[in-house]
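# Structural overview for review
Listed below, chain by chain, are the residues.
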Amino acid sequence: MKTDLTPKVPLTIRVNESFFQAIDRARTATGVRQTRSDFVRNAVTSYLVYFERKVMPTLRRQHEELREIDEPIDFFITSGTDEYDDLFW
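Residues numbered from 1 in each chain as written. Predicted model: local features only at pLDDT ≥ 70, side-chain atom pairs only at ≥ 80, totals over all residues. Heavy atoms only, no water.

Looking now at the overall build of the protein. Across its full length, the protein holds four helices and zero strands. The order of helices and strands in the protein, counted from the N terminus, is α-α-α-α. A buried classification covers 7% of the 89 residues belonging to the protein. Working note: accessible area of the protein is about 8,600 Å², and carbon and sulfur atoms make up 59% of it. (Helix = DSSP H or I, 4+ residues; strand = E, 2+ residues; numbered from the N terminus. Buried < 20%, exposed > 50% of the residue type's maximum accessible area, 1.4 Å probe, protein only. Areas by Shrake-Rupley, 256 points an atom, 1.4 Å probe, with all protein chains shown as cover.)

As C-alpha cells, this is what we get:
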C-alpha cells in the first residue's frame with residue numbers, strides 16, 4: 001500500500017446515522033481493512049477521477065457549443081441597421 005506523506009487539510013462532514021452505517025457496510029464489505037477516513041477519501045478520489053475523465057469533457061464540449069451559439073451574429077452586432085436602412089428609408 002502506497003503511503004501518502006503529503007500534509008492533509010481537515011474536512012468535516014455531518015451525516016445522519018443511516019448514511020454513517022451505509023459507509024461502514026460498504027467499507028467492510030470487501031474485507032479490505034481501511035479506516036473510515038481512508039474509505040471516504042478513496043471513494044471521493046474515485047468519483048473525482050470519474051468526473052474529470054467522463055463528465056468534464058462533456059461539460060467542456062457543451063460550454064464550447066453554447067459559446068458558439070451565444071456569440072451574436074453580425075445582424076445583432078450592427079443593430080441590424082446597416083443592411084436594412086437602405087431597404088426601408
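Additional details are given in the paragraphs that follow.
Bringing the packing of aromatic side chains into the picture now. In the structure shown here, the tally under the stated rule is two aromatic pairs. For the ring pair Tyr 47 and Tyr 50, a centre distance of 6.3 Å and an interplane angle of 40° mean the geometry is tilted. Of this pair, Tyr 47 and Tyr 50 both sit in helix H2 (residues 36–70), three residues apart, roughly one helical turn. For Tyr 50, a relative accessible area of 45% translates into the label partly exposed. Between Tyr 47 and Phe 51, the aromatic rings sit 6.0 Å apart at their centres with planes inclined by 40°, giving tilted as the arrangement. Of this pair, Tyr 47 and Phe 51 both sit in helix H2, separated by four residues, roughly a single helical turn. (Phe/Tyr/Trp six-rings, centres within 6.5 Å; stacked < 30°, edge-to-face > 60°.)

Here the largest pocket defines a volume of roughly 440 Å³. Around the largest pocket, the lining comprises 14 residues; the ones closest to its centre are Leu 11, Ile 13, Ser 37, Val 40 and Arg 41. Sorting the residues of the lining of the largest pocket by element identifies helix H1 (17–29) and H2 as the ones contributing at least two each. Classifying every residue of the lining of the largest pocket by side-chain character gives nine nonpolar, two polar and three charged. (1 Å grid on protein atoms, 1.4 Å probe; cavity = no way out; pocket = protein on both sides within 12 Å on 5 of 7 lines; lining within 4 Å. Points joined across faces, edges and corners; volume = space filled by probe spheres on them. Nonpolar A, V, L, I, M, F, W, Y, C, P; charged D, E, K, R; others polar.)

What follows covers H1. The terminal C-alpha atoms of H1, which comprises 13 residues, lie 18 Å apart, in line with the 18 Å expected from a rise of 1.5 Å per residue. For H1, the complete set of buried residues consists of Ile 23, Asp 24 and Arg 27. Projected down its long axis, H1 shows its buried positions confined to an angular sector of 95°, all on one face. Away from its buried face, by an angle of more than 90 degrees, H1 presents the exposed residues Arg 25 and Ala 29. Once H1 ends, the next one or two residues include Gly 31, with phi positive near 85°. (Expected span 1.5 Å × (residues − 1). Arc of directions from axis to C-beta.)

All we've got here are geometric facts, nothing functional implied.
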